[in-house]
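If you want the building blocks of each chain, they are given just below.
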Amino acid sequence: MTNYRFSLRKQLLLTSLVLLLVPVVGYVGISQWVNLLSRNQQHNLQTSARLMAQVLVDTGRYNNRLHSIAMVEPIRPKKDLYAGHTPTAIVLDGKHNDWQQIKAIAYGKQQLVQIDHPYRKQSLTFNLSLATDYKSLYCLLQVKDNTVVYRDLKNITVHRNDHIKLSFVDLLGKPQHYIIAPRQPSNFEAHKLAANGRSIRYDRKINGAWRATDQGYNVEFKLPLTMLNGQFAIAVADVDDRDSRAVNFTMGTADTTDINTWGNISLPSKALSAQLSSFRQAAPHIDQIQLYDSYNQLIAESTSTMTKDSAIKRNAANENITSITNFTTTMTRLTISKLLPAQTSPGFDVTTPILFGGKQIARLQLQRSKATVREIHIQALQKPLYQSVLLLALGITIALVLASILNRRLKAFTTNMQLTVDAQGKVHPATDSAPNKQRQHPTKLYTKPNTKLNTKLNRATPLDEIQQISEGFIALSYRIQQYNHHLEAMAARLAHELRTPLSVIRTSLQNLNLQNPNIQNQGLKPIDANNQVYLDRADNGLDRLTNILNKMSEPTRLEQNLDEEDIEHFDLAMVVQGCVKGYKQIYPEKRFEIDIESQVISIMGIPDLIAQLLDKLIHNAVEFSKPNSAIKIRLTIQDDFAILRVINAGPELPDTGAAQLLDAMVSIPNTSTGSAAENFHLGLGLYIARIIVDFHDGHISLANRDDSQGVIVTIKLPLLRLSTKLR
């Protein structure tokens, strides 16, 4: 069976496609849902309107009411009045702030019922507004009068001043007359008039406020609906002369003295409004239901107490509450609100006629506001948004899982790359099949590569780019190791092969030197002094070649013998003191200064290697130090480390490449003394020192002195701990 190659590019492409589906599904889903919901809402609203209209006609309880509406005579404009419904009581303060939703009727010259003086427009006009809350009838008159004359404080009459006449038929069918005439702008109670027009008393049932304005005055009052029986008239009398106090004009809906001219007042039906409220409760998404008669007068309505602004506040409050109880729902609603444009949630108005006896007597209007439509859209879109969020979360999860897998594999690959070459530059292929020797000592300097992880990578199928790179790197590291083994073996073979001809040359030179006195006895010409110089130079060159071969072989022998030495804990201070005593005898021309902080400094390792390390450092310090200068050896304790410093006065290290001096075959010739040939270095001393320090799990560094007069070599070796293993 052939394995399908699921490449890294295909993995990332699949993840990208999954994530790209999220906005596509979201956009298509929102568009489809909004269009479908809009059509369904308008259709359902139309169906609801027809059903409600039929119920109103079929319900016998309301047939008489609808029949009376059908029998109403034609309306006389500005004589037959209509009071709009207000859901809350109006504050009687003479202001028109509470009357924003009520339509006012303007009265002017055509509505004058009494003229005793030439009329001018600025003399008198007014606007009339009527409203009811099913308990009282509210009235607002906004009168424009260029001269306002109030009642005389000393006069008890109520007619010789500006005043308001109010007439209506009570429930017993008797006409009632009232007059409003305060002595100054203030709250008032209406005067009840007798049949002869004289004031009888104040009637507290009819009360309100008279408020002066820049153009005249406002009068706002109310009277109980229990006082009315249908016919109603109201008029405004204007007095301009404060001396004569004669009435110039009377303007109103009718002549209050002639009951035959009074108009009818229509009030919204509370019973029909209650029926409409029951309809709205059955359909909570309908914000307003209104019933109009054939003259477009509102006879019943049921309106949600929530305006557009309050609906927005309610939604915000619900979102705040939801944010506490259900953070996910809140975030979903907020997201939909941001994604859903306002123009995609229009309000709906549906009108249907009400027929009685084949005649349209009224019309029913249903309204659904933008806020409600938007709320329905938000609720309906929550499910597809949940699905989109779920799809997005799934895509993100897949991406994170793939990223985690890729990250883990890349880290494993990086780890294997780092472990392929150890601290000594040796190559260890990251595979179980490659030969891999491990140094066994307490410091664990030579760490075996993570072959288990590579084995897992090797077993991964099918192959992708990362696995291909990993396997290619494993194969490359194995080939590099084989090549390094070949180079190391070749160097050893070359050294072995060079020693044989060097031995022949050395033996030949020795024989020449030994046989030189006997040459004359053999009849040969003796070697003169000039030729003897060349023989000596050849002998010196041979010594140098031998010395180079020995130094080149020293690091290899040291690495091969590290495991063969016995590891023990010893006193570093004692080893340093013993070595310094020997240096004083070896280099009598140099001055050594030793400073040891503690009497006993115990570490773990091999004392002979520490002595060899110190030999290399002292040799360099002696060779590069100035004449008559002291070589200082400092041994201190810092934290959990023993700090060994070798300080000499002499040339400084180069600005760059100080760390490279610890590598093999890197050196700086000392040209201050002797010739370049005499001071030739292979650069293996510090390299051997680094091998010894690394073996003891320490650290070595080179730096110039602070006074720029020499070099400091610092070595940090871990102190002996109770948890340190000997093997």
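Summary of the structure given here. Sequence order as written defines the numbering, with residues in each chain counted from 1. Where local features are concerned, this predicted model is filtered to residues with pLDDT of at least 70; where side-chain atom pairs are given and counted, the filter is 80 or more; whole-chain, interface and lining totals use all residues. Water and hydrogen atoms play no part in the side-chain values, which are based on all heavy atoms of the structure.

### Some thoughts on the pattern of salt bridges
In step 1: When a carboxyl oxygen of Asp or Glu is within 4 Å of a side-chain nitrogen of Lys or Arg, the pair counts as a salt bridge. Within this structure, the stated rule accounts for five salt bridges.
In step 2: Ionic pairing is found between Glu189 and Arg204, a salt bridge with its closest N-O pair at 3.9 Å. Taken as a pair, Glu189 in strand 9 (residues 187-193) and Arg204 in strand 10 (residues 199-212) lie far apart in primary sequence, 15 residues in all.
In step 3: Judged by relative accessible area, which is 66%, Arg204 ranks as exposed.
In step 4: A salt bridge links Glu593 to Arg591, with the shortest nitrogen-to-oxygen separation between them at 2.9 Å.
In step 5: For Glu593, a relative accessible area of 29% corresponds to the partly exposed category. Only DSSP runs of H or I with at least four residues qualify as helices, and only runs of E with at least two residues qualify as strands; both kinds are numbered from the N terminus onward. Whether a residue is buried, partly exposed or exposed follows from its accessible area with a 1.4 Å probe, protein chains only, as a fraction of its type maximum: under 20%, in between, or over 50%, in that order.

### Topic: the sheet that holds strand 24 (residues 699-704)
In step 1: By this definition, two strands are paired if DSSP reports at least two bridges between them. Read from one edge of the open sheet, five strands run 20-22-23-25-24, paired in mixed fashion. Each having just a single partner strand, strand 20 (591-596) and strand 24 make up the two edges of the open sheet. Each strand axis lies, on average, 15° off the axis of its neighbour in the sheet, ignoring direction.
In step 2: Contacts between residues were defined by any pair of non-hydrogen atoms, one from each residue, lying within 4.5 Å. To obtain each axis, a line is fitted to C-alpha atoms, and for helices this fit is confined to the stretch in contact; angles are then taken between N-to-C directions over 0 to 180 degrees. Against the sheet, helix 10 (residues 572-586) makes contact with strand 20, strand 22 (630-638), strand 23 (641-649) and strand 25 (710-718), and its axis sits at roughly 170° relative to strand 20, the strand it touches most.
In step 3: Sheet strands in contact with helix 12 (residues 685-695) are strand 24 and strand 25, and its direction is about 140° off that of strand 24.

### Regarding the pairing of strand 7 (residues 163-169)
In step 1: Burial runs high along strand 7: seven of the seven residues are buried.
In step 2: The two faces of strand 7 match: His163, Lys165, Ser167 and Val169 on one face and Ile164, Leu166 and Phe168 on the other face are all buried.
In step 3: Note that strand 7 and strand 12 (residues 231-239) share six bridges and pair antiparallel. What sits directly across from Ser167, in strand 12, is Ala233.
In step 4: Following strand 7, the chain reverses through five residues before pairing antiparallel with strand 8 (residues 175-180); Gly173 in that reversal takes a positive phi of roughly 85°.

### A word on the nonpolar core
In step 1: We define the nonpolar core as a collection of buried residues of types Ala, Val, Leu, Ile, Met, Phe, Trp, Tyr and Cys that are connected through side-chain atoms lying within 4.5 Å of one another. Ranked by size, the top nonpolar core spans 46 residues in total, and within it Leu572, Phe592 and Ile618 carry the most contacts.
In step 2: With nine residues, the top contributor of residues to this core is helix 11 (residues 607-624).
In step 3: If we skip the residues at most four places from it in the chain, Phe592 touches Val580, Tyr583, Lys584, Tyr587, Ile618, Val622, Ile631 and Ile633.
In step 4: If you look at the next biggest cluster of nonpolar residues, it comprises 37 residues, including Ile164, Ala190, Met251 and Ile265.

### Description of the environment of Arg76
In step 1: Its location among the elements puts Arg76 in the loop between helix 2 (60-70) and strand 1 (81-82).
In step 2: Spatially, the C-alpha atoms of Arg76 and Asn264 are 9.0 Å apart, while their sequence positions differ by 188 residues.
In step 3: Beyond its immediate sequence surroundings of up to four residues, Arg76 is in contact with Trp262, Gly263 and Asn264.

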